[in-house]
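Here is how the chains run, residue by residue.
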Protein chains: 2
Amino acid sequence: MQRYFIQTDLTTQEFNLPAEVFHHAIKVMRNQVGAQLELVGPDQQVKVVELTAIEPEQAQAKLIETLTVKPELPVQVQIVCGISKGDKTEKIVQKGTELGAAQFIFYNSARSVAQWNAKKAVKKVDRLQKIAQGAAEQSHRVVVPEVIYCQSLAEVLAAIADANYRTVAYEESAKQGETSQLAQIVQQIKAQLKNDTQNPCRLAAFFGPEGGFTAEEVQTLQAHQVVASGLGPRIMRAETAPLYLLAALSFGLELA
Amino acid sequence: MQRYFIQTDLTTQEFNLPAEVFHHAIKVMRNQVGAQLELVGPDQQVKVVELTAIEPEQAQAKLIETLTVKPELPVQVQIVCGISKGDKTEKIVQKGTELGAAQFIFYNSARSVAQWNAKKAVKKVDRLQKIAQGAAEQSHRVVVPEVIYCQSLAEVLAAIADANYRTVAYEESAKQGETSQLAQIVQQIKAQLKNDTQNPCRLAAFFGPEGGFTAEEVQTLQAHQVVASGLGPRIMRAETAPLYLLAALSFGLELA
């Protein structure tokens, strides 16, 4: 069933379809009276609704049922990436949304070949946010991850101030055979989820652009409680490493 | 350092650069005398070599050292995919190679919209094999995964006859909250790797095309000892699920 995110929670049994849903569901997808859709509001509840009347410029629907689903990763993951070239940022957002990321932060790191200026960043973030919404609908999530741009590492550090777990995927750590940090983080998160349901559980994970991070950048991160982790013995592309981390977290926390 | 796969193992200290390496390393990348390359032969050893002389149609090199590296996943993974549309098969091969797959098998499953005939399959496999080689070089692996096309499920079952672990990513299993099968398989593989280093350790993992598998297909697979696994509560695209599985295996076997 097609899922749509809406801006305002549904509060009545019968209602007009929100304008953005009307356009896609009726004008583009040509749904007819009797068709069912899933609407997800800021309350993260999934409402199954049925179309009851379609007019040229609006449509009515009624609530059928509210689904209880838990499709979100139990840890909120902030994926922080040095800006990479071409369509890599789009791939990271699309696949990372499917795999459960809570937020994407892009910034110009030392080896970012494709730097964004403030003007370019507005357009890029706008496009990436649309990709996140589409991927969140398709993967049946109840939250659309937020995409933000930071001009500097200082801004990034402010944005991850609440992250009680912090890691950076560092190729040199992998080369030196570092194989335990990520597993340790997963164990710590698992213990927190079991014993402490009060406090937020948030992981900030840093990934370099194509050329990776410089040793200085990693030192700066380490000074801010960011732990260098190896992600296995194979060299991954800039857009693959975040997907590895998210899949590993899902396996470690949701399946294992 | 640039890595190249070569057809024949190096047996001498000084040698002519193989023709396919000469073309890329000298003509395309314009390496000069003194530059170092990594050559990997069928013996899976990584030889660091240095260019000693460059002529118009050939180049000489000498062996500097042989590296001892273990970049391969400890379980040989056969990724079996119902053929999907567009560039999805290419993404599966490129990213799946980075993540350690041993083999890719594509076949026309019931809901494959983009079916391959025998003629098209030859061209596709040829192109996918080149992508696998490029990705294996870039991710510093010592094996190039093989890409094969099977005309029928019967052919696929013959190709995975040696696989002592078998799973199918089934959306219905995930919807019904199946969360333990993949973790069980990882535990079984882990136990085998620890206790039984004699026998092969091989996992065949099935993934549907965009529309997934039919219930009948899953029943047929289950009759051939293929276990249905859920891969977490989010719906993944056809090209994302194999990457999730490979990352989960790497995390479970190489890091955790």
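Reading the values: rules and limits
Residues numbered from 1 in each chain as written. Chains lettered and ligands numbered in written order. Predicted model: local features only at pLDDT ≥ 70, side-chain atom pairs only at ≥ 80, totals over all residues. Heavy atoms only, no water. Salt bridge = Lys/Arg side-chain N within 4 Å of Asp/Glu carboxyl O. Helix = DSSP H or I, 4+ residues; strand = E, 2+ residues; numbered from the N terminus. Buried < 20%, exposed > 50% of the residue type's maximum accessible area, 1.4 Å probe, protein only. pLDDT = per-residue confidence, 0-100. Pairing = 2+ DSSP bridges. Axes fitted to C-alpha atoms, helices over the stretch in contact; angles between N-to-C directions. 1 Å grid on protein atoms, 1.4 Å probe; cavity = no way out; pocket = protein on both sides within 12 Å on 5 of 7 lines; lining within 4 Å. Points joined across faces, edges and corners; volume = space filled by probe spheres on them. Contact = heavy atoms within 4.5 Å. Buried area = accessible area lost by both parts, 1.4 Å probe. Polar contact = N/O pair within 3.5 Å; in protein donor to acceptor, adjacent residues only side chain to side chain. Expected span 1.5 Å × (residues − 1). Least-squares fit on C-alpha atoms with pLDDT ≥ 70 in both.

**Student:** Which parts of the structure should I look at to understand the pattern of salt bridges?
**Tutor:** Where charged atoms from two side chains of opposite charge approach closely, those side chains can pair. Under the defined criterion, the tally for this structure stands at 24 salt bridges over all chains. The partner of B:Lys95 in a salt bridge is A:Glu239, and the shortest N-O contact between them spans 2.9 Å. Note that B:Lys95 is positioned in helix H2 (residues 88-98) and A:Glu239 in the loop between strand S11 (227-229) and helix H8 (241-255), a pairing that runs across two chains. Like A:Glu239, B:Lys95 is buried. The partner of B:Arg234 in a salt bridge is A:Glu254, and the shortest N-O contact between them spans 2.9 Å.

**Student:** When you look at the confidence of the model for chain A in this model, what are you seeing that I'm missing?
**Tutor:** Interpreting fine coordinate detail is not advised for predicted regions of low pLDDT. Here chain A shows a mean pLDDT of 94. Residues at 70 or above account for 100%. In the predicted complex, the global pTM is 0.94; the interface-specific ipTM is 0.93.

**Student:** I would appreciate a short explanation of the sheet that holds strand S5 (residues 59-67) of chain A in the present structure.
**Tutor:** Hydrogen bonds between backbone atoms are what pair the strands of a sheet, whose relative direction is either parallel or antiparallel. Residue and element names in this part refer to chain A. In spatial order, the strands read S1-S3-S4-S5-S2; together these 5 strands make up an open sheet with mixed pairing. Every interior strand has two partners, whereas the edge strands, strand S1 (3-5) and strand S2 (14-16), have only one. Along the sheet, successive strands turn relative to each other by an average axial angle of 40°, direction set aside. Summarising the sheet, strand S4 (residues 46-54) and S5 pair through 8 bridges and their orientation is antiparallel.

**Student:** Is there a simple way to explain the layout of surface pockets in this structure?
**Tutor:** Any space left empty among the atoms is revealed by the rolling of a water-sized probe across them. Approximately 1,100 Å³ is the volume attributed to the second largest pocket. Lining the second largest pocket are 43 residues, with A:Glu171, A:Lys175, A:Arg234, A:Ile235 and A:Met236 positioned closest to its centre. For the lining of the second largest pocket, the elements supplying multiple residues, two or more each, are helix H5 (171-175) of chain A together with helix H3 (118-138) of chain B. If one sorts the elements of the lining of the second largest pocket by residue count, H5(A) sits on top with 4 residues.

**Student:** Honestly, the interface of chain B and chain A in this entry has me stumped. Any pointers?
**Tutor:** When the parts of a complex come together, some accessible area is lost, and that lost area is often taken as the interface size. Taken together, the contacts link 38 residues of chain B with 38 residues of chain A. Carbon and sulfur atoms supply 59% of the area buried between chain B and chain A, which totals about 3,200 Å² over both sides. Where chain B touches chain A, the interface holds 6 salt bridges. Counting across the interface, chain B meets chain A through 18 residue pairs in polar contact (both at pLDDT 80 or more). Contributing elements (two or more residues each) for the side of chain B that touches chain A: H2, H3, helix H6 (181-195) and helix H8 (241-255) of chain B.

**Student:** Would you explain the environment of A:Gln219 in this entry?
**Tutor:** Residue position: A:Gln219 is located in helix H7 (residues 215-223). It is 20 Å that separates the C-alpha atoms of A:Gln219 and A:Gln184, two residues lying 35 residues apart in sequence.

**Student:** Looking at this structure, I do not really get helix H6 (residues 181-195) of chain A. What am I missing?
**Tutor:** Since there are 3.6 residues in each turn of an α-helix, residues three or four apart along the chain are aligned in direction. Taking 1.5 Å per residue, 15 residues should reach 21 Å; H6(A) reaches 21 Å between its end C-alpha atoms and fits that length. Along H6(A), the residues that are buried comprise A:Leu182, A:Ala183, A:Ile185, A:Val186, A:Ile189 and A:Gln192. Looking at the packing, one finds that the buried side of H6(A) touches strand S9 (165-169), strand S10 (202-207), S11 and H8 of chain A together with H8 of chain B.

**Student:** Please clarify how H3(B) should be interpreted in this entry.
**Tutor:** Residues and elements named next belong to chain B. The end-to-end C-alpha distance of H3 is 30 Å, a good match for the 30 Å that 21 residues give at a rise of 1.5 Å each. All buried positions along H3 are accounted for by Ala121, Val125, Leu128, Ile131, Ala132, Ala135, Ala136 and Glu137. Looking at the buried positions of H3, the neighbouring elements they touch are strand S1 (3-5), H2, strand S7 (103-107) and strand S8 (146-150). Looking one or two residues past H3, His140 carries a phi angle of roughly 60°, positive in sign.

**Student:** How should the relation of the copies chain B and chain A be read in this particular structure?
**Tutor:** A rotation about some axis, followed by a shift along it, carries one copy of the chain onto the other. In the superposition of chain B on chain A (RMSD 0.0 Å, axial shift 0.0 Å), the rotation amounts to 180°. Put plainly, the chains are arranged around a two-fold axis. Across chain B, the rotation axis passes nearest the C-alpha of B:Ala248, at a separation of 2.5 Å.

**Student:** Can you help me understand unusual backbone geometry in this one?
**Tutor:** Glycine aside, negative phi is the norm for most residues, and most peptide bonds take the trans geometry. Residues and elements named next belong to chain A. The residue His140 is not glycine, and still its phi comes out positive at about 60°. Counting through the fold element by element, His140 comes out in the loop between helix H3 (118-138) and strand S8 (146-150). Judged by its relative accessible area of 22%, His140 falls in the partly exposed class.

**Student:** Help me out: how do you make sense of the environment of A:Val75 in this one?
**Tutor:** Counting through the fold element by element, A:Val75 comes out in the loop between S5 and strand S6 (76-82). For the pair A:Val75 and A:Lys91, spaced 16 residues apart in the sequence, the C-alpha separation amounts to 22 Å.

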